[in-house]
Amino acid sequence: MALILWLIFWVAPEHGQQNVLVYLGICSLAGSFTVTSCKALGVALKLTFQGDNQLAYVHFYLFLLIVVTCLLTQMNYLNKALDLFNTAIVSPIYYVMFTLLTIVASLIMFQVRCLLC
């Protein structure tokens with residue numbers, strides 16, 4: 001989350017107009033947080049429907065806030081990137097960065113250890 005804020009407040013104002021990776025980095029990082037937070041919300045809703053009410057815990061609302069904030073951030077900076085740069089450049093770079101960062105975030109969330117280490 002700190003990396004997203006650093007990109008938004010310090011890097012994007014100065015380098016966002018020239019470098020497509022700045023806006024797409026913000027989008028991809030926010031997207032990876034969205035995916036993992038949606039997974040957490042899904043688990044909480046599943047537990048709630050099974051009788052263990054998760055709506056009483058602050059974690060549910062924290063993840064909901066993260067999902068909404070990251071979705072809005074993601075859409076905002078994706079639109080900025082598409083306004084400034086060609087779609088043929090933005091789409092493949094965003095696809096790769098989003099996929100890679102989502103995999104990394106999922107590995108961290110599920111605490112997968114390296115089998116070769």
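As the structure is a computational prediction, the values presented were derived from the model and not from experiment.

A. Spotlight on the overall build of the chain. Across its full length, the chain carries four helices and zero strands. When its helices and strands are written in sequence order, the chain yields α-α-α-α. Its C-alpha atoms give the chain principal-axis dimensions of about 50 × 40 × 25 Å. The buried share of the chain, reckoned over its 117 residues, is 35%. In the chain, of all internal contacts separated by at least 6 residues, the share reaching a separation of at least 24 is 69%.

B. Quick peek at the packing of aromatic side chains. Counting across every chain of the model gives four aromatic pairs. Ring geometry for Tyr23 versus Tyr77: centroids 5.6 Å apart, planes at 45 degrees, classification tilted. Of this pair, Tyr23 sits in helix α2 (residues 20–49) while Tyr77 sits in helix α3 (residues 58–84); the two residues are 54 residues apart in sequence, bridging distant segments of the chain.

C. Broad picture of the nonpolar core. Of all hydrophobic cores here, the largest spans 22 residues; its most connected members are Ile4, Tyr23, Leu24, Ile26, Tyr77, Leu78 and Val90. At the level of elements, α1 (2–15), α2, α3 and α4 (87–109) are the ones that each hand at least two residues to this core. With eight residues, α2 is the single largest residue contributor to this core. When near neighbours in sequence (up to four residues on either side) are disregarded, Tyr23 contacts Ala12, Gly16, Gln17, Tyr77, Lys80, Ala81 and Leu84.

D. Summary view of the state of the cysteines. The final tally for this structure, using the stated rule, is zero disulfides. Considering cysteine sulfurs only, Cys70 is the nearest to Cys27, which forms no disulfide, with 11 Å between them. Judged by its relative accessible area of 0%, Cys27 is buried. Distance from the sulfur of Cys38, which forms no disulfide, to the nearest cysteine sulfur (Cys70) is 9.5 Å. A relative accessible area of 39% places Cys38 in the partly exposed class.

Conventions adopted
Residues numbered from 1 in each chain as written. Predicted model: local features only at pLDDT ≥ 70, side-chain atom pairs only at ≥ 80, totals over all residues. Heavy atoms only, no water. Helix = DSSP H or I, 4+ residues; strand = E, 2+ residues; numbered from the N terminus. Buried < 20%, exposed > 50% of the residue type's maximum accessible area, 1.4 Å probe, protein only. Contact = heavy atoms within 4.5 Å. Phe/Tyr/Trp six-rings, centres within 6.5 Å; stacked < 30°, edge-to-face > 60°. Core = buried A, V, L, I, M, F, W, Y, C linked by side-chain atoms within 4.5 Å. Disulfide = S-S within 2.5 Å.

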